[in-house]
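# Observations on chain architecture
Chain residues, written in single-letter form:
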Amino acid sequence: MRARSVASEAARNLATGTTRAAALALAFAAVVGALAYADVRAAVDVLRGAAEYRASGSSVQVLEVPQGIDGARCHALGEATGVVAAGALRQGDPVRALAMPSARVTVWEATPGLVDLLADVGGDVAATTGDHRAAGVWYSRDLAETLGARPGRDTATTTGTAVTAGVYSWPDDGRARTLGYAALAPVAPTGVFDQCWVQVWPADVDTAAVVYLAMDPAKADQATVSRLNAAYGATYDAPGLLARRPTALAPVAAAIVGLVLGYLAVRTRRLELAAALHARVPTPHLAWQQALEAAAWVAAGLAIAATAVAYAARTGNPDPSDWAFLLGARTLLAGAATTVLGTHAGVATTRERHLFRYFKNR
């Protein structure tokens, strides 16, 4: 048989339904696709947990030393390896807004790095121009609703008019309520402050220790360090959780499933194959014919399964979906490769001399 004859025979089997391509493609998509889907969703759950941990402020270390934090040194920590943002904080003079003159508004003076940090752990941050470094005063969402403050709108106070730079969210999720109902006034990173906030990501205890570099050594006995949010634990080991996810062996399982599926797809046609061998069709040609047929229905199954994996990789994923999709694709390809190998194994174990046994047991 020539290569063209092998291909045409495979095409006829596919066209006439002899291959049972539709059923096999659906079986491949259902089983191998389910393994890939489950693995991707397990990985996305870990990524989502990491994003929630970071957004909760659990990765922020707060060093508090009354009048013992060097603003410039704290601000400079933002350039350290592993540090996402760092900023210093001190309490300013409270003011009274004309919208609620009976109550004093707590004001915190913060270096620019702390506003950067808010953009990451403050949840929804709305600024005048979409830039979280916009000039002016920042209000927590609860206080902004009370004052009627909006980005770009001035707020009248007893000490003058304050430009509203933006509004930040401060959820009640276990984080310190320091900025929960307050106004934040950005100031230059010079002078002495009371607190230094350092966000380290990925969370690492050793890297977080750099926060001590911001304090005055003479006041070390007054220093206290805490996490901004202690409700989610001291660290989040995303690499470890990914390595230990229950579906980590999905590619291996898919490879086994593919091997069995390919083998069974051929063995159910053993009478047909034995007859072809009896008609002097060379075994290698028969193997390539079966491989071509398998490639066709595997490709169809891959297309169905890949659509489901793409959905799984995108839905609820806080990160770009490329990595999660490739993780699922690894499982799909493992199943596809061994399916073709399974067809070769099926052909190799089919014997011409068993033709009458196959006929009897059909």
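Residues numbered from 1 in each chain as written. Predicted model: local features only at pLDDT ≥ 70, side-chain atom pairs only at ≥ 80, totals over all residues. Heavy atoms only, no water.

## Observations regarding the layout of surface pockets
Computed from the structure, the largest pocket encloses a volume of approximately 250 Å³. Forming the walls of the largest pocket are 18 residues, and the residues nearest its centre are Asp93, Val95, Val107, Val137 and Ala162. When residues of the lining of the largest pocket are traced back to their parent elements, those giving at least two are strand S5 (107-110), strand S7 (137-140), strand S8 (154-157), strand S9 (160-168) and strand S10 (183-186). Its residues assigned to classes, the lining of the largest pocket shows 10 nonpolar, six polar and two charged. Looking at the second largest pocket, it is lined by 15 residues, and the ones nearest its centre are Gln61, Asp204, Val205, Ala208 and Ala234. Elements represented by at least two residues in the lining of the second largest pocket include exactly helix H6 (205-208) and strand S12 (224-227). Considering only residue class, the lining of the second largest pocket consists of nine nonpolar, four polar and two charged. (1 Å grid on protein atoms, 1.4 Å probe; cavity = no way out; pocket = protein on both sides within 12 Å on 5 of 7 lines; lining within 4 Å. Points joined across faces, edges and corners; volume = space filled by probe spheres on them. Helix = DSSP H or I, 4+ residues; strand = E, 2+ residues; numbered from the N terminus. Nonpolar A, V, L, I, M, F, W, Y, C, P; charged D, E, K, R; others polar.)

## Notes on the packing of helix H2 (residues 21-55) against helix H8 (residues 250-267)
For the pair H2 and H8, the least separation of the axes is 9 Å and the interaxial angle reads 175 degrees. Considering their axes alone, H2 and H8 lie roughly antiparallel with respect to each other. Residues Leu24, Ala27, Phe28, Val31, Val32, Leu35 and Asp39 of H2 pack against Ala250, Ala253, Ala254, Val257, Leu261 and Ala265 of H8. Across the contact of H2 with H8, the residue classes tally to 12 nonpolar, no polar and one charged. (Axes fitted to C-alpha atoms, helices over the stretch in contact; angles between N-to-C directions. Parallel < 35°, antiparallel > 145°, perpendicular 65-115°, else oblique. Contact = heavy atoms within 4.5 Å.)

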